[in-house]
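# Report on the structure
Here is how the chains run, residue by residue.
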Amino acid sequence: MLEYAWLIPVLPFIAFILIGLLPKRTLGWENGGGYAIAGAGGALVLSFLVIWDVLNGHTLTVGAPRSTWLVIGNFHVEFGIWIDQLTAVMLLVISVVGTLVVVYSGGYMHEEGVGRRRYYAEIMLFISVMYGLVIADNYLQMFIFWEFVGLCSYLLIGFWYEKPSAASAAKRAFIVTRVGDMMFMAGLIILFKYVGVLDFSALFGQGANSIVSRGVIPQDMLTLSTALIFGGAIGKSAQFPLHEWLPDAMEGPTTVSALIHAATMVKAGVYLTARTYPLLVQTPESLLFVAVIGGVTALIAATCALAANDIKRVLAYSTISQLGYMILGLGAGGYLVIHAHSGGGYAAAMFHLMNHGFFKALLFLCAGSVIHAVGTNDMRSMGGLRKHMPITSITMLIGSLAIAGMPPLSGFWSKDEVLAGVYEGGQFDPIFFVLWALGVATAFLTAFYMFRMWFMTFAGEPRTAYHAHESPKIMSVPLMILAGLAVVSGFALFIGDGFKSFVEGSISGLGIGTAGEGAIEIAKTVFTDPLTYVTLGLAAAGILLAYRIYFMPGFDRSVFARGVPGTVQRALENRWYISKFYDDFAYKVWYGFSLVADKFDIYVIDGVVNGFAYLGANTGSTIRRAQSGNVQRYTGFVVLGIILLLVFVIYVFPWGGW
Amino acid sequence: MIPIQYWLIFSSLLLAVGAYGVLTRKNAIVVLMSIEVMLNAANINLVAFSSYHTTLHGFADASGQVFALFSIAIAAAEVAVGLAILLSVYRRYQTIDVDKINILRW
């Protein structure tokens, strides 16, 4: 089956072509939704077959069938597939969330009319290229699909392009991630310059076989290259300081936010970092950079979520924060691989990726259900929805508990594993203790803002007059499935040899000892670690605090408007002024620079060009007076010329030696 | 036998006289006549070299003289064309003063 994995992206692509090109009256159900479900469902089936093979111990990493895409002299660009445990995790998330989101869209996008054709076509293109990204077996192929998902993200954020805010959010997302993409590309160019190939199999040798040991690339250049490749992840996974595009990306339809900006595309950066692990573990400086970016992002994004009133923006910041967790886990996990020969941190990050994919898609789809019912994103006009939307409120409660890290829901297990990995990294570099503290603080904030959102939305009394109703089955069934997954996906930790030793299989070449712990030992490790209870206690405190402030009567929330809390509140509402800083930078510094450049262009560059033109014109108008029209003067010049020529030929040339 | 140098000096002087006439005279007909003088300077050279060649190599070579005859014939045709042009110029401008005929300019 693994050899046919290339069919996975092909099926949604065929759906994309069909939806895009078929005549209008053959589009059928939901203007192309039927084709979309068929494409996504087919890919889901194929993905599960592939995942089943991987679970049975088969992988396809070297020697897979490849096809040549481009030949330039001796340089061949080949496309191939690379299926290992890491790919399987990504396939699982993309196929499950992708299919459920497409089904859910059947209800959510029902009122969009003819725009649905564009919507389904773009969603199918996105799913197709996202699959292509995770099964690529070389960086170039990956980069091409990387750009494709960026394009789809742009198109779908700008789905309501007639709305100026959506159009500009789409542009912002595209341009900001492009900064990261350029870094990614620069990293690849460095690798290519030294190594000459971008195939994973050629780059990922370890020990004496590594590209540094073979003398192909100097150590410092490899460090630069991996740091730059991680720059791509900073852009795509919305890490600090390029994270501001993701909250703006909420201008797109909520289904798009759930699929692209929570479950899949933003995970591409984490996937890239995980995929680059064989190189990253050779460059500890880059790993430290990865970890610090992840930790800082997790905290900053969590604080921004505290003051957001738009339900989708809360979730967007929470996504950034959770992605920060994964990146932090990967950075710390690399230190564990180097010093402790353990793949625990790596596996924990990927575990969190999977769990987060499910519960964040769930949360977004719930938010979509709420928005669908109430008709606004603003939580201040919601409240009391619990009575009107029982399914949505309960599934969202499950999602919130999962992301807050309450046992036994999935978020508890993976968040605990990530934080344990980071703390363990502290033995090798004390900075990981600081990052661990950031992570724990983030866990507290996460629990607080998630329940602030839940209480503001579902609890209490309605704050505005709305006519809410529970969403139709086509929307609520995907919610229930995802809620089920949010509950059970954490138990993957205990099935068989456990999720962690499964994922560690994809970096088994890095000389790690497989843990191979049984379920009992894993559970024992989790529950005997005092740090688990620190995190858990703080998360519970966060929930209680949210309950006290946003649910129990009698709390005067106006304290947030005055004095020091007011200052903090305003800073949070303005997202720590990071967005403002970028705007100011663009408007003032960059605009000033552009003005100078413009003046330089007008006066210097154009001046030179125009100067030559004036010179030619003036010379011409001066010299043309020599054309007097007097035949005898012309003849005189001819005679003069002949005499000069003779003088030269007879006297000057012999004197000069000719 | 007159040495070749004398002929060459003579023809050079003739050419110079003709050129002087072309450059200074205002009357187009005189200019045309001066051109004929310059042309004949060239003809004299041709004939002189033809004769010189015979003296040098001991056998007669008439090509120079043939060229001269051609040149005279062509000069005659050229004068006919030139006078015809002057005639139409005169009809148009009522003058054949070359200083006045200066429309060939910017």
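As the structure is a computational prediction, the values presented were derived from the model and not from experiment.

## Considering the overall build of chain A
For chain A, the count of helices and strands is 26 helices and 2 strands. Along the first, second and third principal axes, the C-alpha atoms of chain A reach 110 × 65 × 60 Å. Classification of the 658 residues of chain A by burial places 50% in the buried group. Sequence-distant contacts in chain A: of pairs separated by 6 or more residues, those separated by 24 or more amount to 80%.

## Notes on the overall build of chain B
Along the backbone of chain B there are 3 helices and 0 strands. Across chain B, helices and strands are ordered from the amino to the carboxyl terminus as α-α-α. A compact globule built from 106 residues should have a C-alpha radius of gyration of about 13 Å, whereas chain B, at 18 Å, is more than 25% larger. Projecting the C-alpha coordinates of chain B onto the three principal axes gives extents of approximately 55 × 25 × 25 Å.

## A short note on the packing of helix α4 (residues 115–135) of chain A against helix α5 (residues 139–157) of chain A
All names here are of chain A. At a minimum axis separation of 9 Å, α4 and α5 run at an interaxial angle of 155°. Taken together, the axes of α4 and α5 are roughly antiparallel relative to one another. As α4 runs across α5, the sense of the crossing is left-handed. On the side of α4, the interface is formed by Glu122, Leu125, Phe126, Val129, Met130, Gly132 and Leu133, while α5 contributes Met142, Phe145, Trp146, Phe148, Val149, Cys152, Leu155 and Leu156.

## Concerning helix α15 (residues 344–374) of chain A
Residue and element names in this part refer to chain A. Look at α15: 44 Å from first C-alpha to last across 31 residues, which is about the 45 Å you get at 1.5 Å a residue. At His356, α15 shows its maximal kink, close to 25°. Within α15, 29 of the 31 residues are buried, which leaves it mostly tucked inside the rest of the structure. Trailing α15 by a residue or two, Gly375 shows a phi angle of about 85°, which is positive.

## Topic: the pairing of strand β1 (residues 66–72) of chain A
Regular strands show a simple pattern: their side chains alternate between the two faces of the sheet. Residue and element names in this part refer to chain A. Across the 7 residues of β1, 0 count as buried, placing the element largely on the outside. As defined by bridge partners, β1 adjoins strand β2 (residues 75–80) across 6 bridges and the pair is classed as antiparallel. Opposite Leu70, over in β2, you have Val77 as the bridge partner. From the end of β1 to the start of β2, which pair antiparallel, there are 2 residues, and Gly73 there has a positive phi angle of about 60°.

## Structural notes on the environment of Tyr466(A)
Summarising the element assignment, Tyr466(A) is placed in the loop between α19 (431–458) and α20 (473–488). Sequence separation of Tyr466(A) and Gly620(A) is 154 residues, and the distance between their C-alpha atoms is 80 Å.

## What about the domain arrangement of chain A?
Interface size is often expressed as the accessible area that is lost when the parts come together. In terms of domain boundaries, chain A breaks down into domain 1 (1–137), domain 2 (138–573) and domain 3 (579–620 + 630–656). With centres defined by C-alpha atoms, the gap from domain 1 of chain A to domain 3 of chain A works out at 59 Å.

## Notes on the nonpolar core
With 211 residues, the main nonpolar core has Met350(A), Ala361(A) and Leu362(A) as its most contacted residues. Sort the elements by how many residues they give to this core and α15(A) lands first, with 19 residues. Per-domain counts for this core show at least three residues from each of domain 1 (1–137) and domain 2 (138–573) of chain A. The contact partners of Leu362(A), leaving out residues within four places of it in the chain, are Thr395(A), Gly399(A), Leu479(A), Leu482(A), Ala483(A) and Ala486(A). Ala19(B), Val22(B), Val31(B) and Val98(B) belong to the second-largest nonpolar core, a separate cluster that totals 5 residues.

## Some words on the packing of helix α8 (residues 219–236) of chain A against helix α11 (residues 267–275) of chain A
Residues and elements named next belong to chain A. Packing of α8 against α11 leaves a shortest axis separation of 7 Å and a crossing angle of 160°. If you check the angle between α8 and α11, you find them roughly antiparallel. Between α8 and α11 lies a crossing of left-handed hand. Facing Ile229, Phe230, Gly232, Ala233, Ile234 and Lys236 of α8, the residues of α11 in contact are Ala268, Gly269, Val270, Leu272 and Thr273. For the contact of α8 with α11, the per-class residue count stands at 7 nonpolar, 3 polar and 1 charged.

## Thoughts on unusual backbone geometry
Residue and element names in this part refer to chain A. In the segment running from Phe240 into Pro241, the intervening peptide bond is cis, with an omega of 5°. The topology assignment puts Pro241 in the loop between α8 and α9 (245–248). The omega torsion across Pro407 and Pro408 is 0°, close enough to zero to call that bond cis. Even without being glycine, Ala238 reaches a positive phi, approximately 55°. For Ala238, the position within the fold is in the loop between α8 and α9. Judged by C-beta crowding, with 30 C-beta atoms within 10 Å, Ala238 ranks as buried.

## Section: α8(A)
All names here are of chain A. Between its first and last C-alpha atoms α8 spans 26 Å; for 18 residues at 1.5 Å apiece the expected length is 26 Å, and the two agree. Here α8 lies mainly inside the structure; 13 of its 18 residues are buried. Positive backbone phi, at 55°, marks Ala238, one or two positions downstream of α8.

## Digging into the environment of Val281(A)
Residues and elements named next belong to chain A. With respect to the helices and strands, Val281 occurs in the loop between α12 (277–280) and α13 (284–306). Judged by local crowding, Val281 falls into the buried class, with 24 C-beta atoms found within 10 Å. Taking the C-alpha atoms as reference, Val281 lies 52 Å from His469; in sequence the two are 188 residues apart. Setting aside anything within four residues of it in sequence, one finds Val281 in contact with Gly334, Val337, Ile338 and Leu510.

## Here we look at the confidence of the model for chain B
Residues and elements named next belong to chain B. In the predicted model, chain B carries a mean pLDDT of 88, and 99% of its residues have values of at least 70. Per-element averaging of pLDDT across chain B places helix α2 (residues 28–57) at the bottom with 89 and helix α1 (residues 4–24) at the top with 92. If you check the scores for this complex, the pTM reads 0.77 and the ipTM reads 0.81.

## With respect to the environment of Gly98(A)
All names here are of chain A. The residue Gly98 is located in helix α3 (residues 85–108) in this model. The spatial distance from the C-alpha of Gly98 to the C-alpha of Leu259 is 6.3 Å, given a sequence separation of 161 residues. In this structure Gly98 touches Ala40, Ile127, Leu259 and Thr264, once residues within four positions along its chain are discounted.

Procedures and definitions
- Residues numbered from 1 in each chain as written.
- Chains lettered and ligands numbered in written order.
- Predicted model: local features only at pLDDT ≥ 70, side-chain atom pairs only at ≥ 80, totals over all residues.
- Helix = DSSP H or I, 4+ residues; strand = E, 2+ residues; numbered from the N terminus.
- Buried ≥ 20, exposed ≤ 12 C-beta atoms within 10 Å, placed from the backbone.
- Contact = placed C-beta atoms within 7 Å.
- Rg over C-alpha atoms; globule rule 2.2 N^0.38 Å.
- Axes fitted to C-alpha atoms, helices over the stretch in contact; angles between N-to-C directions.
- Parallel < 35°, antiparallel > 145°, perpendicular 65-115°, else oblique.
- Left-handed = near helix turned anticlockwise from the far one by under 90°.
- Expected span 1.5 Å × (residues − 1).
- Bend = angle between axes of the 7 residues up to and from the residue.
- Pairing = 2+ DSSP bridges.
- Domains from an automatic or database assignment.
- Core = buried A, V, L, I, M, F, W, Y, C linked by C-beta atoms within 7 Å.
- Nonpolar A, V, L, I, M, F, W, Y, C, P; charged D, E, K, R; others polar.
- pLDDT = per-residue confidence, 0-100.

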